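Below are the chains, spelled out letter by letter.
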Amino acid sequence: MCEQTPAVETTLPLDPRAAGEARRFLRAAICRAHAASVLDSAELLVSELVGNGVRHAAPPITLRVACDGSSGLQVHVSDGEPNAPSPRRADAGAEDGRGMRLVDYISDAWGVQPHPEGKTVWFTLTA
């Protein structure tokens, strides 16, 4: 882990404004030395995961941001819903259904960890 920037975590409201709050938290928490170059991608993916949590999951929704030293950024979004999301094909006119495909395409790695209180969806971005 990074010696310059400690990992931080926040609990987000189950509210449509949660994605904006998550982006603000991420901007304040991101490691300027190692992970600032991936901020735009991280903001997009955090918005998708938190938005999924608000629409499809149960509270609490937590966001954890950690710098992995010179290799990049790790982000974890946890919620109280045990069912894992998966990339799906959205129709051309659909207004949703592309979030996990974006996570799959943009991140360097991602996954889902079930736990007794729900699940954690995580992704990494290499700086």
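Described in the following lines is the structure provided in the data block. Every chain is numbered independently, its residues counted from 1 as its sequence is written. It should be noted that, the model being predicted, local features are given only for residues of pLDDT at least 70 and side-chain atom pairs only at 80 or more, the latter also being counted only at that level, while totals for whole chains, interfaces and linings use all residues. Side-chain measures were taken over the full set of non-hydrogen atoms in the model, leaving aside hydrogen atoms and water.

**As for the pattern of salt bridges**
And step 1. When a carboxyl oxygen of Asp or Glu lies within 4 Å of a side-chain nitrogen of Lys or Arg, that pair is called a salt bridge. Tallied over the full model, the rule gives three salt bridges.
And step 2. For Asp 15, the salt bridge identified is with Arg 17, shortest N-O distance 2.8 Å.
And step 3. With a closest N to O distance of 2.4 Å, Glu 43 and Arg 27 form a salt bridge. Note that Glu 43 is positioned in helix 2 (residues 39–56) and Arg 27 in helix 1 (residues 18–29), a separation of 16 residues in sequence. Secondary structure follows DSSP: runs of H or I at least 4 residues long count as helices, runs of E at least 2 residues long count as strands, and numbering of each begins at the N terminus.

**Here's the deal with the pairing of strand 3 (residues 72–79)**
And step 1. In terms of burial, strand 3 is largely enclosed, as eight of its eight residues are buried.
And step 2. Two strands form a pair only when DSSP identifies at least two bridges running between them. Across six bridges, strand 2 (residues 61–67) lies against strand 3 in antiparallel orientation. Bridging from a neighbouring strand, Leu 63 pairs with Val 77 of strand 3.
And step 3. Two successive antiparallel strands, strand 2 and strand 3, enclose a turn made up of four residues, where Gly 69 displays a positive phi of approximately 65°.
And step 4. Two elements, strand 3 and strand 5 (residues 118–126), share eight bridges in a ladder whose sense is antiparallel. Only protein chains enter the accessibility calculation, which uses a 1.4 Å probe; a residue whose area is less than 20% of its type maximum is buried, one above 50% is exposed, and one in between is partly exposed.

**A short note on the nonpolar core**
Soluble globular proteins tend to pack their nonpolar side chains together in the buried interior.
And step 1. Within this scheme, the nonpolar core is defined by two criteria: the residues are buried Ala, Val, Leu, Ile, Met, Phe, Trp, Tyr or Cys, and they are joined through side-chain atoms within 4.5 Å. Counting 29 residues, the largest nonpolar core has Val 46, Val 50, Leu 63, Leu 73 and Phe 123 as the members making the most contacts within it.
And step 2. Of all the secondary-structure elements, those providing two or more residues to this core are helix 1, helix 2, strand 2, strand 3, helix 3 (99–106) and strand 5.
And step 3. The element best represented in this core is helix 2, accounting for six residues.

**Details of helix 3**
And step 1. Three or more residues of helix 3 are buried, namely Gly 99, Met 100 and Val 103. The arc that holds every buried residue of helix 3, seen down its axis, measures 95°, which confines them to one face.
And step 2. The contact criterion used throughout is that any non-hydrogen atoms of two residues lie within 4.5 Å. Its buried side turned inward, helix 3 meets helix 2, strand 4 (109–115) and strand 5. The directions considered for the arc are those from the helix axis to the C-beta atoms.

**Section: the sheet that holds strand 4**
And step 1. What the five strands build is an open sheet, ordered 1-2-3-5-4; its pairing is antiparallel. Looking along the sheet, the strands with just one partner apiece sit at the ends: strand 1 (8–12) and strand 4. Looking at each pair of strands side by side, their axes are set apart by 15° on average, direction ignored.
And step 2. For strand 1 and strand 2, the ladder comprises five bridges, and the chain directions are antiparallel. Paired with Thr 11 across the strands is Thr 62, a residue of strand 2.
And step 3. Lines fitted to C-alpha atoms define the axes here, with helix axes fitted over just the stretch in contact, and angles between the N-to-C directions of these axes take values from 0 to 180 degrees. Strands strand 1, strand 2, strand 3 and strand 5 of the sheet are contacted by helix 2, whose axis makes an angle of about 170° with strand 5.

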